[in-house]
Amino acid sequence: MQGLRKVAIRGTGMYVPPRVVTNADLEELMDTSDEWIQQRTGIRERHWVDAGTGPAHLALEASLRAIEAAEIEPGELDAIIVASLSPHHEFPGTSAFLQDMLGLSEIPVMDIRCQCTGFLYALNVGQLYVASGQHERVLVCGAEVHSTGLDMTTRGRDVTVIFGDGAGALVLEPSEDAERGILSLHLHAEGKHAKKLWVEAPGTVFSPRLTEEMVREGRIYPHMDGRFVFKHAVTRMPEVVHEALDANKCTIGDVDLCIFHQANLRINEYVGQQLGIAPERTYSNIQRYGNCSAASIPMCLDECVRAGRLEPGDLVLMAGFGSGFTWGSALIRW
Ligand code: UT7
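Source: prediction; values computed, not measured.

Student: What should I look at first to understand the side chain of Asp151 in this one?
Tutor: Considering the arrangement of structural elements, one finds Asp151 in the loop between strand 6 (138-144) and helix 6 (157-160). With a relative accessible area of 5%, Asp151 lands in the buried category. Of the polar contacts made by the side chain of Asp151, one reaches the side chain of Arg155; its length is 2.7 Å. Those residues in contact with Asp151, other than ones at most four positions away along the chain, are Met30, Gly156, Thr160 and Tyr221.

Student: Please explain the site of the ligand as it appears in this structure.
Tutor: In the vicinity of the ligand there are 21 residues, among which Thr32, Arg40, Arg157, Asn264 and Asn291 approach most closely. The side chain of His261 places a nitrogen or oxygen atom 3.2 Å from an oxygen atom of the ligand. At 2.7 Å from an oxygen atom of the ligand is found a side-chain nitrogen or oxygen belonging to Asn291. Its residues assigned to classes, the shell around the ligand comprises 10 nonpolar, seven polar and four charged. Counting residues domain by domain, the shell around the ligand receives three or more from each of domain 1 (7-174) and domain 2 (181-333).

Student: Help me out: how do you make sense of the side chain of Asn264 in this one?
Tutor: Its location among the elements puts Asn264 in the loop between strand 11 (257-260) and helix 9 (265-275). The contact partners of Asn264, leaving out residues within four places of it in the chain, are Arg40, Thr41, Phe230 and Ile286.

Student: What's the story with the environment of Cys300 in this structure? I'm lost.
Tutor: As for its position among the elements, Cys300 is in helix 11 (residues 296-306). For Cys300, a relative accessible area of 0% corresponds to the buried category. In the structure, Cys300 is positioned 32 residues away from Asn268 in sequence and 13 Å away in space, judged by C-alpha atoms. With near-sequence residues (within four places) excluded, Cys300 lies in contact with Ile259, Gln262, Tyr283 and Asn285.

Student: What is the right way to read the pattern of salt bridges from this model?
Tutor: Any two side chains of opposite charge can pair if their charged atoms end up close together. For the structure shown, the criterion picks out 17 salt bridges. One salt bridge connects Arg10 with Glu173, and the closest N-O pair in it is separated by 2.6 Å. Taken together, the positions of Arg10 in strand 1 (residues 7-15) and Glu173 in strand 7 (residues 166-174) put the pair 163 residues apart, joining distant regions of the chain. Residue Glu173 is classed as buried on the basis of its relative accessible area, which comes to 8%. One continuous salt-bridge network, built from bridges that share partners, spans Arg10, Glu76, Arg137 and Glu173.

Student: In this structure, what is going on with the domain arrangement of the protein? I would like to understand it.
Tutor: By a widely used convention, the size of an interface equals the accessible area lost when the partners come together. Each domain of the protein was delimited in the assignment, giving domain 1 (7-174) and domain 2 (181-333). Computed from C-alpha atoms alone, the centre-to-centre distance between domain 1 and domain 2 is 14 Å. With 53 residues of domain 1 at the interface, the matching set in domain 2 holds 49 residues. Taking both sides of the interface into account, the surface hidden between domain 1 and domain 2 amounts to around 3900 Å²; carbon and sulfur atoms contribute 62%. Looking at the side of domain 1 facing domain 2, the largest losses of area belong to Met14, Cys116 and Leu120, adding up to 16% of the total buried there. The tally of links from domain 1 across to domain 2 stands at zero salt bridges. Across the contact surface, domain 1 and domain 2 share 22 residue pairs in polar contact (both at pLDDT 80 or more). Breaking the side of domain 1 that touches domain 2 down by element, the ones donating at least two residues are strand 1, helix 2 (34-41), strand 3 (45-47), helix 3 (55-69), helix 5 (118-132), strand 6, helix 6 and strand 7. The element that contributes the greatest number of residues to the side of domain 1 that touches domain 2 is helix 5, accounting for seven residues. Of the residues contributing to the side of domain 1 that touches domain 2, the split by class is 24 nonpolar, 19 polar and 10 charged.

Student: Would you explain the packing of aromatic side chains in this entry?
Tutor: Ring pairs (aromatic) are described by centroid distance and by the angle formed between their planes. Tallying each qualifying case throughout the model produces three aromatic pairs. Both rings, one in Phe228 and one in Phe325, keep their centres 6.0 Å apart while their planes meet at 35 degrees; by these two values the pair is tilted. Of this pair, Phe228 sits in helix 8 (residues 226-247) while Phe325 sits in the loop between strand 13 (315-322) and strand 14 (326-333), placing them 97 residues apart in sequence. Here Phe325 falls in the buried class, since its relative accessible area comes to 1%. Consider the rings of Phe321 and Phe325, whose centres lie 4.9 Å apart with planes at 55 degrees: the pair is tilted. What makes Phe321 buried here is its relative accessible area of 5%.

The rules we used
Residues numbered from 1 in each chain as written. Predicted model: local features only at pLDDT ≥ 70, side-chain atom pairs only at ≥ 80, totals over all residues. Heavy atoms only, no water. Helix = DSSP H or I, 4+ residues; strand = E, 2+ residues; numbered from the N terminus. Buried < 20%, exposed > 50% of the residue type's maximum accessible area, 1.4 Å probe, protein only. Polar contact = N/O pair within 3.5 Å; in protein donor to acceptor, adjacent residues only side chain to side chain. Contact = heavy atoms within 4.5 Å. Near = heavy atom within 4 Å. Nonpolar A, V, L, I, M, F, W, Y, C, P; charged D, E, K, R; others polar. Domains from an automatic or database assignment. Salt bridge = Lys/Arg side-chain N within 4 Å of Asp/Glu carboxyl O. Buried area = accessible area lost by both parts, 1.4 Å probe. Phe/Tyr/Trp six-rings, centres within 6.5 Å; stacked < 30°, edge-to-face > 60°.

Printed below as a string of structure tokens:
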């Protein structure tokens, strides 16, 4: 992006609600097993909210940690972008609630609806805000509360066991070093597969938008053609990783840390093998948090940052795939 400022990640944060739900806890609710869940997905447990907590609350905690790590005050933020597929309310967007919770007003806020790739789309928008000079400091957040919208019966077991609640956030600023910062973002979508992983109702195409019949039939819960989604994920993620590497004249051997969206550990192991990336250069937390959609990548990033896994100059690769379908990658010189 010639003529634009290089943009760096200044501070990161993450938050999950305190309640841990193990696979054994799910066995009490539906016909499933710890063995099935761990074998097929790698997930051991996830965190779910208690009633009254929404994604803006989780985003607030993650954002405060990111703001503290960036050594700024909330009042120094110029814009807020929140990626979420599970909005705090139907409208306005989660970002509006987050802005108020942060004690801010008047700065622009925006919600991004690109599901498990949402964080990468939000990062792209935030990067362009800062790169163009429109804003100096942008808060980018991924936040999800899946648990209040899941089918807790055997009917929904394929989807319900994989999702967790959580939030991840970061602050973007102009980079002080022209060599370091976000190198590229590549984003894609294929709407013809929208119904392969979706929640049908409530929907504005219906009048009324929600009926008792829809609730009874479980059309208010996520539905997924798991195998179909799996096949596309393991094809699209390597594709978009190569797109990022080629665009930057890098090879997979140059990558110091690879963070994939946390949909299924098996997907990421398979993608990692296809790419030929050493397992110790990847990071996963799905075992502890499940699939937190737009929050998964920034949650992983924050854990890596706080564990001291990143040195200045390291090359960080991110890639995600999700409902829409949407997919994308980011390459960052730390
Ligand atoms: O984050 C956005 C993108 N999402 C993804 O990338 C997810 C992609 N898909 C997947 O990760 C996998 O498809 C799942 C983990 C969701 C499912 O694994 P699978 O190996 O594709 O299983 P399946 O849906 O083909 O089902 C296999 C069997 C079925 O039983 P039968 O028909 O063989 O008797 C299911 O009824 O496993 C059964 N099953 C379960 N059994 C115990 C499905 N869910 C469960 C469950 N516990 N939770």
